Structures are given as structure tokens and as C-alpha cells.
Amino acid sequence: MATGLDHGLKKLVWQRIKDTIIADTRKSEVWKIMMLDPFTTRLLSSCCKMSDLMSEGITIVEDLYKSREPVPEMKAIYFMTPTDKCVDAFIGDFKQKPKYKSAYVYFTDYCPDDLFNKMKMFCAKHIKVCKEINISFLPQEAQVFTCDCPRAFWNIYSPQSQEKGKTLETLADQIVTLCATLDEYPGVRYKKDSGLDNAKVLAELVDKKLENHYSLDENCKKKSKTQAQLLIVDRGFDPVTPILHELTYQAMAYDLIPIKNDTYKYKSKDGSEKEALLNEDDELWVKLRHMHIAEVSEQIPKLVKEISARKQADSKITISGLAQLMKKMPSIRKQVAQKTVHLTLAEDCMNQFQKNVERLCKVEQDLAVGADAEGQKVKDPMRTLLPVLLHPHSTHDKIRAVLLYIFSLNGTTEENLNKLIQHVKIEGNSEYILSWKELGVPIISSQSLFPFRKPTRRDRSQEETYSLSRWTPVIKDVMEDAVENKLDTREWPHQSECPSAWNGSRAVSARQKHKASAQDDHRSGSRLIIFILGGMSYSEMRCAYEVTQTIKSCEVIIGSSHVLTPTGLLEDIQALSKKPMETFTIIDEKSSA
């Protein structure tokens, strides 16, 4: 398995693929070829390796869209999304001279009748199997999924978009396939918003599609609700979390280091270019990713010493020392290589922190929390912001600080906003700030009868935190309140009734350590599924694991259209005012100051 874990979404998805696609084709001992489109390529890559496919008799994996040589003696598996482009490519393989002996066709989701009939017309005699397997989401991590649709942000929030309805419909279909994979029929709730109705519309769509999906099971019986609850929120409900500089390892690395497609590139001690994949195959990454960078820096040398104790018990651990160790001890080469990667990555993060980020963090935390590290209320947010504006930070970092200042005030005056825009020197790119209004976030203070209301926060004054990491993502409050049945039904209306496990009679406190009891037997297997419309941050992903670890009797799954980084979110915000084909770039690179 590609996940380094014995549980989670990745294992569930791979098992479902084995139970459908692999089980059907296993009956034949002939080696098979598999055709994938871009989405199913990412889907399979996320949950299995080529060696897993080889062991199941699949010897070649090909791109559905590319020109291929015929292999008439082989059976072909087509795993694809139900789109015109995929179906046309499939028909092209069989319409005239068949490229393969026969075809086993599997769609990720429901195939429309017109596409099915088109296939039937041209290829019926070649198709041995045609099934819909209901997996149209990507398992990002053990408790995280995405709809693999960054474009959803523009489609939903841009005033220029004409794709909003279609995008919400597609996201609803994808959420339903997640529920089907988990074998859950959850009650659905959404965060009410006075300005936007995106969460409400999506909740209605999901609930209707779930009802249709579960209307009749294989025994012609209607499936009842399971011990699960689905909460849908709009990105604007917490604009602070995805903008802050985070100091937990995963969130910090993806913010400060240029990691693309989960690949970290670095230079080894001998100057050669290296790259490492940051995923759940790397057990050390799983252990470290949610730790504060201060803890990571302490833990890596300890973990390295566990392995190298026999050779270098008292010596200082260095990257060059690890290289020597790798030559002498081949049996542990992979483990040492992982530790070398994280030693280097943590060092890169700390260099960025000491060079630039440390100064920003105090200001950002004071503005976000509304108080300083001693608990004194911030009386003059502009005075708090000034050091960032006067220091030669990058334009990008100044924008983030200005946004946190505006969010702390629930909007500022037009006159003050214009001064801030001039000070940061983004007169030609003011959309980085102004376009937040499209998410329902107040930028200009309003005298409206229905002003924007910040969510009431849980009291965490007794929790131990680092002074530069005092902010807690709002979604963690939501998760804990949901499990304890404390969500206000006026703010979180029920789109459909939630099952009895969520009626409050057996709610478990998220603030207490878990104790085994008969209560847990009743709640065993309960799931809370959170969907953030418009992107989720790495710190919000972390919260799903933290709450699950604390509660234990309830697993929290979090998902979104895509995963956000602060830079990516600002680019998305800036692009909202542009037409679909216009390109955009962040203003400047991070300051070297």
C-alpha cells in the first residue's frame, strides 16, 4: 500500500478498486493493460504503486488520450471519468480496427445515458464489463480528501463566472461518492451566511443526491442514516487561518518552501540535486507533519540517534555524518535517507523563520487573536501593524499582515484602505485585498443592519501554546462543538435530520481525555465529515487529526475542492476580477531581506 498507515481513506479507496476493477479482471490469467485519464491517474497514484498493479496482473499503464500501438492479444481495462473526451478516446480504440482483445470499462461516477448509448452503438461487442464505481474524489491523506478542482474557487466566487451552478453540482456528486466509499449516509448541516448561499445550495444538492443514491440497496431496501454527520462551510467563514504564517511542520513547509506536487527538492552535501516525496509512505513525515517546528527540530536528531547509536553514540549528528552512515549500513539506508530529508527541510524552514518570519508572527498572532502573548487586549491594531509596514518585508507578506488587520476590525474605512494600499504599493493590484468581498468577508466597514458576525470562539486560555502559535483555526471549534452537540441550529441548520448518535445524549467532551466505556461501543464508527467550499489549509487538515486523537470515539474526515497555501489563495483572490483566460501572478517573490 502506498499509504504508510494501516487505515484511512487511501486504503479504503484501494480496497474498493480491488473489489471492483481488480476482482472482475482477476478471473482471467491473461496479463492486462490499463488506460487512465489525468484524474484516474492521480487517483490511482494516491492509493497504490505500480508494483501493486503488477501483482494484480496489470502489466502496462497507458494514457487514454495518447496515441498507442495496438496490442490485440491483451485485454484492456479503461478506468476513466464519464466525459465526452474520455468516451471518444475509448471509441477511437475500437471503432475501426480494435486495438485490444476486449474492454473492461469502469467509470468513476454516473455515466450519462447519451454517452453510454454512444459507446454501445460503436463498441458493444468489445465491452465485457461496464460499471460505475463511485469514486470521484482524491484521498489526499488518511483523513483528508479533495475534489481535485482548484478551478472551483473562481467558478463559485468570481462575478465573471457562469459556471457556479454546474460546479456546485459536480462537487455534490463528488461528496456523495466519498460518502458511498465510506458506506455512510450522513445527516447534512451547513453554516448559515447572511450574504452568500453557497453552503446552503451545496447542502441541498448533496442531501438530494444522497437520498437518490441510497434510495434502494441491493436487497431493494432503503438505507437508513448511519452514525455520521456532514457539515458544509464556505471559505469566507474563517479568512484568518489560511493567511497566517503557520509554524507547524507541514503547513510551514508548504508555505515557505517551493514544494510542488508534494515533491521537495534540495541539495545534498556533495552538491547534487535530490528530491523527496512528502507523503504517507514516509513514516517519519507522518510522525512529524503536525508538530510545531520547535518540536520537529528536537525530534529529528533524537530519531536519527536511535538508528545510529551503535556507530555514533556521542557524536553530533550532521548531514555529512549521515551520508557516511548510509554507506556503512545499507540495511537502514531508506530510514536514514528519510531523516536526512527532514533534517534538511526543517533546517530550510528554520532559516526562513529566523530570516523573516519570526518578526511577522508576533504581529500576525496579536492581530488574529486580538490580544498579545500576555493576554492584554490589542487596543490599537494599526499600532500593532506598523512594524510590518515599516520593515522591508516582501509585498506579499505585507498584504497578509494588512488583511489580518482588516479582518480584526471587521472592515476598515475606504480612506484608511486606500492609504494601506498605497503604503504596500499595490495600487495596480488592489484586488489582492478588495476581492475578499466576493467571499462575503467585509473589507470596507459597513453600517448594515445585518453586519458580518465573527464566530464565537471556544475558551482555550488554559491550553498550552507557543507564543507565536496562539491562533486556533475556527474549524477546530466547529469540530469540537459538533461532537459535543453544541452547534447552534440557528447558525447550523439541518438540511436533513442527523442520526441518534448526534442527538447530544452521548456527546463526548473534546476537552477531556478519552476514557473507554460502554458509551464508546455505541459511538464506535461515528464519523464527522467536514467540507470546506473554496479550499482548505494545511492547518485545518491538521485539526481533523487532533480532534480525532482527542475524542477517539469519532473519526473526523475533512475535505474541500482543493488544498490551499497562502500564496495560492492570494493568487486565487486576485484572479476573481479577471476573465477566464486572463493569466495572473503573485506580485513579487518573497523578500530576501
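Just above sits the structure.
I will try to describe carefully the structure that is included in this document. Since the structure is predicted, the reported quantities are computational estimates derived from the model, not experimental observations.

1. Examining the pattern of salt bridges
Using the criterion set out here, one finds 32 salt bridges in the structure. Across the pair Lys209 and Glu169 runs a salt bridge, and its minimum N-O distance is 2.7 Å. Taken as a pair, Lys209 in helix α8 (residues 198-213) and Glu169 in helix α7 (residues 164-182) lie far apart in primary sequence, 40 residues in all. Classification of Glu169 by relative accessible area gives partly exposed; the value is 34%. A salt bridge links Lys362 to Asp366; the shortest N-O distance between them is 2.8 Å. Here the residue Lys362 and the residue Asp366 both occupy positions in helix α13 (residues 333-369), the gap between them amounting to four residues, near one helical turn. Salt bridges linked by common partners bring Arg457, Arg458, Arg460, Asp477, Glu480, Asp481, Glu484 and Lys486 together as one network.

2. Thoughts on helix α15 (residues 395-409)
Between its terminal C-alpha atoms α15 stretches 21 Å, which fits the 21 Å expected from 15 residues at 1.5 Å a residue. Burial runs high along α15: 13 of the 15 residues are buried. Downstream of α15 by a residue or two, Asn410 has a phi angle that is positive, lying close to 60°.

3. Focus: empty space enclosed by the protein
Tallied over the full model, the rule gives two cavities of 30 Å³ or more. The space that makes up the largest cavity amounts to roughly 110 Å³. Along the wall of the largest cavity there are 13 residues; nearest its centre are Ala251, Ser537, Tyr538, Leu564 and Pro566. Of all the secondary structure elements, the ones that give two or more residues to the lining of the largest cavity are α9 (249-256) and α20 (538-551). Looking at the lining of the largest cavity, the element that brings in the most residues is α9, giving three residues. Partitioning the lining of the largest cavity into residue classes produces seven nonpolar, four polar and two charged.

4. Looking at the sheet that holds strand β14 (residues 554-560)
Judged by pairing direction, the sheet is mixed, and its six strands sit side by side in the order β6-β7-β14-β12-β9-β8 without closing on themselves. Pairing within the sheet leaves two strands with one partner each, and these edge strands are β6 (138-141) and β8 (187-190). Neighbour-to-neighbour, the strand axes of the sheet open up by a mean angle of 25°, direction not taken into account. Across seven bridges, the pairing between strand β12 (residues 526-533) and β14 is parallel. Across the sheet, Ile532 pairs through a bridge with Ser560, a residue of β14. Those strands touched by α20 are β6, β7 (144-146), β12 and β14, and its axis lies near 170° from that of β14.

5. Topic: helix α18 (residues 474-483)
Taking burial as the measure, the ten residues of α18 include ten buried ones, the bulk of the element. For α18, the complete set of buried residues consists of Val474, Ile475, Lys476, Asp477, Val478, Met479, Glu480, Asp481, Ala482 and Val483. Within two residues after α18, Asn485 carries a phi angle of roughly 60°, on the positive side.

6. As for the sheet that holds strand β4 (residues 100-107)
The five strands are arranged β2-β1-β3-β4-β5 in an open sheet whose pairing can be described as parallel. Edge positions in the sheet fall to β2 (58-63) and β5 (127-132), since each of these pairs with one other strand and no more. Neighbour-to-neighbour, the strand axes of the sheet open up by a mean angle of 20°, direction not taken into account. Along the sheet face, helix α2 (residues 38-47) touches β1 (32-36) and β3 (71-80) and points at about 115° away from the line of β1. Docked against the sheet, helix α5 (residues 113-123) engages β4 and β5, running at close to 175° with respect to β5.

7. Quick notes on the packing of helix α14 (residues 381-390) against α15
Packing of α14 against α15 leaves a shortest axis separation of 10 Å and a crossing angle of 175°. Classed by the angle they form, the pair α14 and α15 counts as roughly antiparallel. On α15, the residues that touch Pro381, Met382, Leu385, Val388 and Leu389 of α14 are Lys398, Ala401, Val402, Tyr405, Ser408 and Leu409. The residue makeup of the contact of α14 with α15, split by class, is nine nonpolar, one polar and one charged.

8. Focus on the nonpolar core
Among the nonpolar cores identified, the biggest contains 146 residues, and Ile17, Leu202, Ile232, Ile433, Trp436, Met479 and Phe531 are the most heavily contacted of them. Among the elements that line this core, the one with the most residues is α13, at twelve residues. Apart from the residues lying within four places of it in its own chain, the contact partners of Trp436 are Pro239, Ile243, Leu403, Phe407, Val441, Ile443, Leu569, Leu570 and Ile573. The next biggest cluster of nonpolar side chains, apart from the first, holds 23 residues, and it includes Met74, Met80, Phe94 and Phe107.

9. Re the packing of aromatic side chains
Taken as a whole and assessed by the stated rule, the structure comprises 13 aromatic pairs. The interplanar angle of 80° and the centroid separation of 6.1 Å between the aromatic rings of Phe137 and Phe145 together place this pair among those described as edge-to-face. Accessibility expressed as a relative area gives 0% for Phe137, which makes it buried. Classification of Phe145 by relative accessible area gives buried; the value is 0%. Taken together, a centroid distance of 5.2 Å and an interplanar angle of 15° make the contact between Tyr264 and Tyr266 stacked. Considered together, Tyr264 and Tyr266 belong to a single accessibility category, that of buried residues. Each member of the aromatic cluster is reached from another via a ring pair, and the members are Tyr78, Phe90, Phe94 and Tyr100. In this structure, Arg289 is placed above the aromatic ring of Tyr545, and the distance from its NZ or CZ to the ring centre is 4.9 Å. Positioned above the aromatic ring of Trp471 is the side chain of Arg457, whose terminal nitrogen or guanidinium carbon lies 4.8 Å from the ring centre.

10. Overview of a nonpolar patch on the surface
Taken together, the side chains of Trp31, Met50, Met54 and Val61 make up a nonpolar region of the molecular surface, amounting to roughly 350 Å² of accessible area. Mapped onto the elements, Val61 comes out in strand β2. The class of Val61 is partly exposed, set by a relative accessible area of 31%.

11. Topic: the pairing of β12
The buried count for β12 comes to eight of eight residues, which makes it a mostly enclosed element. Residues Ser526, Leu528, Ile530 and Ile532 point to one face of β12 and Arg527, Ile529, Phe531 and Leu533 to the other, with burial holding for every one of them. Pairing geometry for strand β9 (residues 228-234) and β12, over seven bridges, is parallel. Looking at the pairing, Asp234 lines up with Leu533 of β12.

What counts, and where the lines are drawn
- Residues numbered from 1 in each chain as written.
- Predicted model: local features only at pLDDT ≥ 70, side-chain atom pairs only at ≥ 80, totals over all residues.
- Heavy atoms only, no water.
- Salt bridge = Lys/Arg side-chain N within 4 Å of Asp/Glu carboxyl O.
- Helix = DSSP H or I, 4+ residues; strand = E, 2+ residues; numbered from the N terminus.
- Buried < 20%, exposed > 50% of the residue type's maximum accessible area, 1.4 Å probe, protein only.
- Expected span 1.5 Å × (residues − 1).
- 1 Å grid on protein atoms, 1.4 Å probe; cavity = no way out; pocket = protein on both sides within 12 Å on 5 of 7 lines; lining within 4 Å.
- Points joined across faces, edges and corners; volume = space filled by probe spheres on them.
- Nonpolar A, V, L, I, M, F, W, Y, C, P; charged D, E, K, R; others polar.
- Pairing = 2+ DSSP bridges.
- Axes fitted to C-alpha atoms, helices over the stretch in contact; angles between N-to-C directions.
- Contact = heavy atoms within 4.5 Å.
- Parallel < 35°, antiparallel > 145°, perpendicular 65-115°, else oblique.
- Core = buried A, V, L, I, M, F, W, Y, C linked by side-chain atoms within 4.5 Å.
- Phe/Tyr/Trp six-rings, centres within 6.5 Å; stacked < 30°, edge-to-face > 60°.
- Lys NZ or Arg CZ within 6 Å of the ring centre and 35° of its normal.
- Patch = residues over 30% accessible without salt bridge, like charges linked within 9 Å, V, L, I, M, F, W, Y side chains within 5 Å.
- Areas by Shrake-Rupley, 256 points an atom, 1.4 Å probe, with all protein chains shown as cover.

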